[in-house]
Amino acid sequence: VALEFTVEESPIQLSPAEVDFDTVSGNNYQQPDAVTITVRNVTTGSSTYYGVTIPLDDPAFEVSKGSFIQYENSATATLGSGQEASFSIQPRAGLASGTYDKVFDLGSGAKLTVRFTVEQEEYEIRAQQDTLNFSSLVEGYTQAPEAQTLTVTNTGKNAVTVNLPESSYFDITGEGFGNDVATVQSGDTVSFTVQPKLGLTPQVNEETLTITGSNGVSSSVSLEFTVIEAVYSVTANLSELNFGTVT
């Protein structure tokens, strides 16, 4: 008995339909370039419309809506016969070690397959914050802004030592540091607090804080605190002047 199967093609085609972002080493990798995905309605009927929806909140892959219309955490395009739309996708920065395989079901039979692998380095650290901003105060302030905690993770395979960093504009206090050095096992963290110093002059106090350690590990964080120049004014009430009496 001969069996016949009919496979219906999706009315929506993606180009490309599969994207492999290859493999990077370590969590401090440079974010791979985005790839543009073209979505096309390949039907020929004059009144055949199909909808396609892309997610904008995936934890591993960053999706830019392109010509799609955004609705909260997703974006949609409705395509007539022969019409097309596009969006772009790339892995997010700072993903943990592992392989990220994902099949996005976009609707109307369209599916996008993406893959990205992050290999673990032998020795590596990563600051959990990229920037600490302490806003601004007026010159002559007597109380510094509240200290913020900066956490550093050992994202490598092996233990490392981390040095307590120094700063020109900020006081740094370590937690778990002995002689300004802390040993951090793989997967563990170490923390210290950062606070603007008293008596800074009016200016934007910007600094790149670099945390270093053994085996050449390092990670950087941007710090910023603005001191505004004080402005003084004197007000005189002329109605109360009394020059006495001259005879």
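Placed above this text is the structure.
The model shown is predicted, which means the values in this text are computed figures rather than measured ones.

Chemist: Go over the overall build of the protein with me, naming the residues and quoting the values.
Modeler: Counting its regular elements, the protein contains 0 helices and 19 strands. Taking 247 residues into account, the globule formula puts the C-alpha radius of gyration at 18 Å, and the protein, at 29 Å, lies well above it. Taking the principal axes of its C-alpha atoms as reference, the protein extends roughly 130 × 65 × 20 Å. Out of the 247 residues belonging to the protein, those deemed buried represent 35%. By sequence separation, contacts in the protein at least 24 residues apart represent 68% of the contacts at least 6 residues apart. Counting only carbon and sulfur atoms, one obtains 44% of the accessible surface of the protein, whose full area is about 14800 Å². Of the side-chain charges in the protein, 9 are positive and 31 negative, and the distance between the mean point of each set is 9 Å.

Chemist: Residue-level account of the pattern of salt bridges, with values.
Modeler: Enumeration over the complete set of coordinates arrives at 4 salt bridges. The partner of Asp 58 in a salt bridge is Lys 102, and the shortest N-O contact between them spans 3.2 Å. Here Asp 58 is found in the loop between strand E4 (50-55) and strand E5 (61-64), whereas its partner Lys 102 is found in strand E9 (residues 98-107), with 44 residues between them in sequence. Given a relative accessible area of 34%, Lys 102 falls into the partly exposed group. We note a salt bridge from Asp 101 to Arg 115, for which the minimum N-O separation is 2.8 Å. On the criterion of sequence distance, the pair formed by Asp 101 in strand E9 and Arg 115 in strand E10 (residues 110-119) is long-range, its members being 14 residues apart.

Chemist: Let's hear about the sheet that holds strand E1 (residues 12-15): which residues, and what values?
Modeler: The strand order E1-E3-E8-E5 describes an open sheet built from 4 strands, whose pairing is antiparallel. Where the open sheet ends on each side, the last strands, each with one partner, are E1 and E5. Ignoring strand direction, the axes of neighbouring strands in this sheet form an average angle of 25°. The pairing of E5 with strand E8 (residues 84-91) spans 4 bridges and is antiparallel. Residue Ser 64 lies in a different strand from E8, and its bridge partner there is Ser 88.

Chemist: Which residues make up the environment of Glu 175, and what are the values?
Modeler: You can see Glu 175 is positioned in strand E15 (residues 170-175). Of the residues examined, Glu 175 reaches a relative accessible area of 45% and is grouped as partly exposed. Between the C-alpha atoms of Glu 175 and Phe 21, which are 154 residues apart in sequence, the distance is 38 Å. Sequence-distant contacts of Glu 175, defined by excluding residues within four places in its chain, comprise Val 190, Ser 191, Phe 192 and Thr 193.

Chemist: Before we move on, can you summarise unusual backbone geometry with the specific residues and values?
Modeler: Note that the residue after Ser 15, namely Pro 16, is joined by a cis bond; omega there is -5°. Here Asn 179, not a glycine, exhibits a phi torsion of approximately 55°, which is positive. As for its position among the elements, Asn 179 is in the loop between E15 and strand E16 (181-184). A relative accessible area of 79% means that Asn 179 is categorised as exposed. One non-glycine residue with positive phi stands out, namely Asp 180, at about 65°. Tracing the backbone through its elements, the reader meets Asp 180 in the loop between E15 and E16.

About the cut-offs
Residues numbered from 1 in each chain as written. Predicted model: local features only at pLDDT ≥ 70, side-chain atom pairs only at ≥ 80, totals over all residues. Heavy atoms only, no water. Helix = DSSP H or I, 4+ residues; strand = E, 2+ residues; numbered from the N terminus. Rg over C-alpha atoms; globule rule 2.2 N^0.38 Å. Buried < 20%, exposed > 50% of the residue type's maximum accessible area, 1.4 Å probe, protein only. Contact = heavy atoms within 4.5 Å. Areas by Shrake-Rupley, 256 points an atom, 1.4 Å probe, with all protein chains shown as cover. Lys, Arg positive; Asp, Glu negative; His and termini not counted. Charge placed at Lys NZ, Arg CZ, Asp CG, Glu CD. Salt bridge = Lys/Arg side-chain N within 4 Å of Asp/Glu carboxyl O. Pairing = 2+ DSSP bridges. Axes fitted to C-alpha atoms, helices over the stretch in contact; angles between N-to-C directions.

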